[in-house]
Amino acid sequence: MSAIELQECPQCDGTGWVTTQGGGEVERCDCFRNARSGRRLERAGIPRRYQHCSLDNFETEFLNADPSLGGAVMKCQRFVEGFADLDEGLLFVGPVGVGKTHLAVGVLRALMDTHKVNGLFVDYRDLLRDIQDSYNKVSETSELQVVRPLLNADVLLLDELGARRPSAWVFDTVSHVVNDRYNNRRPTLITTNYPDAPEAPEGPLDSAKGGVGASLQDRIGGRLRSRLFEMCIPVQLQGSDFRRVMKRAGYR
Ligand SMILES: [Zn+2]
């Protein structure tokens, strides 16, 4: 793909290099840069339904829009601007359909565009399945093959954290990924539908709530929850399910 693009480029006649304005020196042609950022985007594995998502096209001014949405976008923009000086990620918390994944993808893409990082989008449920499958005797992939890209990505987007409860040993692998990224100061963007419920005054929340399983801590355990808050800036979104509202109003 890129080879064809380069060949057809009238600026550089397919060499990928152009002479600078003042002359005398050469630099990479735009076509080369575009092809490279296109490949970076492809490798990021963003699902088709989210590929259009950016911080600029996140809607905050529709009827009855919750004010938390505008605040969340601003937080994301500041995060992208200050990214070079940060080693934290973002933890998007809010109910289904308010746009957490849209914003997280918007941040990931902005970082890939402006800071040239290698980004990776991973759905938590797919990750659990892939880890589980890697333990299968006839599996073609090893656990390391599944996990390595997640450890190496400059910025990892882990979507829908807590959406499913894994077995203890699969969860160990997830914890390893998160802790390794923390130790290596690689930022992680996380979305979750599970609210960070207030701590029970005494004893672990799990027992206090009788195992209802509705808070983030119930879903991923207290230790991992604490780690997430050490390594991520929380972004709280509120509001009714945007997609459902649109449907009811007769759009789409
Ligand atoms: Zn060119």
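Placed above this text is the structure.
Residue positions are given per chain, counted from 1 along the sequence in the order it is written. pLDDT decides what is reported in this predicted model: residues at 70 or higher carry local features, side-chain atom pairs at 80 or more are listed and counted, and totals for whole chains, interfaces and linings draw on all residues regardless. Excluding hydrogens and water, the side-chain values take into account all heavy atoms of the structure.

## Quick word on the overall build of the protein
Put simply, the rule is: Counting from the N terminus, the helices are the DSSP runs of H or I reaching at least four residues and the strands are the DSSP runs of E reaching at least two. By the convention used here, residues are in contact when the closest approach between their heavy atoms is within 4.5 Å. Only the protein chains shown count as covering a residue, and every accessible area follows the Shrake-Rupley method with a 1.4 Å probe.
Secondary structure assignment for the protein yields eleven helices and seven strands. Of the contacts made within the protein by residues no fewer than 6 positions apart, 72% connect residues no fewer than 24 positions apart. Accessible surface for the protein amounts to roughly 14500 Å². Of this, 48% is attributable to carbon and sulfur atoms.

## Details of the coordination of the zinc ion
To keep things clear, this is the line we draw: In this description, a donor is an N, O or S atom within 2.8 Å of the metal centre, a cutoff extended to 3.2 Å for sodium, potassium and calcium. Water is not part of the atom list, which can make sites seem incomplete. Angle rules define the geometry names used: all angles between 85 and 135 degrees makes four donors tetrahedral, while opposite donors over 155 degrees apart and all other angles between 65 and 115 make four donors square planar and six octahedral, leaving every other case irregular. The rule is simple: take the accessible area with a 1.4 Å probe, protein chains only, and divide by the maximum for that residue type; under 20% is buried, over 50% is exposed, in between is partly exposed.
Binding of the zinc ion to the protein goes through Cys9 (SG), Cys12 (SG), Cys29 (SG) and Cys31 (SG), at separations of 2.2 to 2.3 Å. With four donor atoms in place around the zinc ion and angles of 106 to 114° between them, the coordination shape is tetrahedral. Mapping the donors of the zinc ion onto the primary sequence gives the spacing C-x2-C-x16-C-x1-C. With Cys9 in the loop between α1 (2-8) and β1 (17-19) and Cys29 in the loop between β2 (26-28) and α2 (30-43), this pair connects stretches of sequence that are 20 residues apart. Classification of Cys9 as buried rests on a relative accessible area of 8%. Under the relative-accessibility criterion, Cys29 is labelled buried at 2%.

## Quick look at the pattern of salt bridges
Heads up, the condition is: Definition used for salt bridges: Asp or Glu carboxyl oxygen within 4 Å of a side-chain nitrogen of Lys or Arg.
Counting across every chain of the model gives seven salt bridges. Close ionic contact of Arg129 with Asp126 constitutes a salt bridge, the shortest N to O distance being 3.7 Å. Note that Arg129 and Asp126 are positioned in helix α5 (residues 124-134) at a spacing of three residues, about one turn of the helix. Relative accessible area serves as the criterion here: at 45%, Arg129 is assigned to the partly exposed category. The partly exposed category is assigned to Asp126, whose relative accessible area is 35%. A cluster of three or more residues bridged by salt bridges with shared partners is formed by Asp126, Arg129 and Asp130.

## Structural notes on the nonpolar core
The nonpolar side chains of a soluble globular protein tend to be buried with one another. The cut-off we apply is this: For our purposes a nonpolar core is just a set of buried Ala, Val, Leu, Ile, Met, Phe, Trp, Tyr and Cys residues, chained together by side-chain atoms within 4.5 Å.
Counting residues in each nonpolar core, the largest one holds 31 residues, and the members touching the most others are Leu90, Phe92, Leu103, Val107, Leu111, Leu189 and Leu237. Put simply, the parts of the chain that give this core at least two residues each are α3 (67-81), β3 (89-93), α4 (100-114) and β5 (155-159). The element that contributes the greatest number of residues to this core is α4, accounting for eight residues. Leu91, Leu120, Leu150 and Met231 belong to the second largest nonpolar core, which has 29 residues in total.

## Let's talk about the sheet that holds β5
So the rule is basically this: Only strands joined by at least two bridges in the DSSP assignment are considered to pair. Orientation is described by axes fitted as lines to C-alpha atoms, over the contacting stretch for helices, and by angles from 0 to 180 degrees between their N-to-C directions.
Read from one edge of the open sheet, five strands run β4-β5-β6-β3-β7, paired in parallel fashion. Two strands close off the open sheet at either side, each with one partner strand: β4 (119-123) and β7 (232-236). Strand-to-strand twist of the sheet, defined as the mean angle between neighbouring strand axes without regard to direction, takes the value 15°. Note: β3 against strand β6 (residues 188-192), four bridges, orientation parallel. Bridging from a neighbouring strand, Leu91 pairs with Ile190 of β6. The sheet contacts of α4 involve β3, β4, β5 and β6, and relative to β6 the element is tilted by about 170°. Packing of α5 onto the sheet brings it into contact with β4 and β5, and relative to β4 it is tilted by some 80°.

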